[in-house]
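Fold and geometry: a report
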Amino acid sequence: KDFRYTFKGCKSLTSIDLSNFKTEHATHMSGLFSGCESITSLDISKLVTNNVIYMDSMFSNCYSLENLDFSSFVTSKVQSMDSMFESCPSLKRLDLSHFRTNDLVSFKSMFKNSSSLESIDLGYFDTSRIEDFSCIFDGCIKLKDPAISNFNTKNGKEFSYMFRNCQSLIMLNLTNFDTSSGINFFG
């Protein structure tokens, strides 16, 4: 059930064969590949994530990681995606359209310092239970349009540093943002 930090800090690892990795009962995948600095791609299509609750820092500090295919990922039970892609400076695009986030309660710093990330569509994300939106895109210096116009922010309290250092933003539609419960907007 617990796969937390299984490959954490494997800095020289360049490939992982996950074809026989049995994860159907897994609930924890926090930090699973965190710090795998040399990996450029991962075939995660065989990972069974139906029961996973925690995906915090799952790919954080994967400095060379260029692409990921999430088409087979099931995320309907995931509650936390904090820092999931933090400091992944080689990722340019992420297709998370298959993500279902109805149980998600936390995703702060999810893309923080992913400095090459150019586009991301989070229009499918259910954010109605999220309280902390802080640092989500902090340091995403090439991000042009995060496509977050459908975000439900009615329960949002923390919004600090949400777009800090987003130097390339050309479109930001916040017309549906309800920040009436917000207590921190600094940064």
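Sequence order sets the numbering: in each chain, residues are counted from 1 along the sequence as written. Note on the predicted model: pLDDT of at least 70 is required for a residue's local features to be given, and 80 or more for side-chain atom pairs to be given and counted; whole-chain, interface and lining totals, by contrast, use all residues. Excluding hydrogens and water, the side-chain figures rest on all heavy atoms present in the structure.

**Quick word on the pattern of salt bridges**
- Salt-bridge detection follows one rule: a side-chain nitrogen of Lys or Arg within 4 Å of a carboxyl oxygen of Asp or Glu. In the structure shown here, the tally under the stated rule is five salt bridges.
- The salt bridge partner of aspartate 103 is arginine 129, with a shortest N-O separation of 3.6 Å. You can see aspartate 103 sitting in the loop between β1 (93-94) and β2 (119-120) and its partner arginine 129 sitting in the segment after β2, a full 26 residues away along the chain.
- Remark: exposure states derive from per-residue accessible area (1.4 Å probe, protein chains only) relative to the maximum for the residue type, with buried under 20%, exposed over 50%, and partly exposed in between. For aspartate 103, a relative accessible area of 25% translates into the label partly exposed.
- Given the relative accessible area of 42%, arginine 129 is considered partly exposed. Each helix is a run of DSSP H or I of at least 4 residues and each strand a run of E of at least 2, with the numbering of both proceeding from the N terminus.

**A word on the nonpolar core**
- Side-chain atoms within 4.5 Å are what join buried Ala, Val, Leu, Ile, Met, Phe, Trp, Tyr and Cys residues into a set we call a nonpolar core. Among the nonpolar cores identified, the biggest contains 51 residues, and Phe33, Phe59, Phe85, Leu96 and Phe111 are the most heavily contacted of them.
- By definition in these notes, contact holds between two residues if any of their heavy atoms fall within 4.5 Å. Non-local contacts of phenylalanine 85, meaning those with residues more than four positions away in its chain, are made with Phe59, Leu68, Phe70, Leu91, Leu94, Leu96, Met110, Phe111, Lys112 and Ser114.

**Notes on the environment of histidine 25**
- Looking at the secondary structure, you find histidine 25 in the segment before β1.
- Counting along the chain gives 25 residues from histidine 25 to asparagine 50, while the straight-line C-alpha distance between them is 8.1 Å.

**Describing the environment of threonine 153**
- Considering the arrangement of structural elements, one finds threonine 153 in the segment after β2.
- Spatially, the C-alpha atoms of threonine 153 and serine 109 are 16 Å apart, while their sequence positions differ by 44 residues.
- Residues within four places of threonine 153 in sequence aside, it is in contact with Phe133, Phe159, Asn176, Phe177, Asp178 and Thr179.
- Contacts described as polar in this section are N or O atom pairs within 3.5 Å, which, within protein, must combine one atom able to donate a hydrogen with one able to accept it, while residues neighboring in sequence count only if both atoms come from side chains. Among the polar contacts listed, one links the side chain of threonine 153 to the backbone nitrogen of aspartate 178, at a separation of 2.7 Å.

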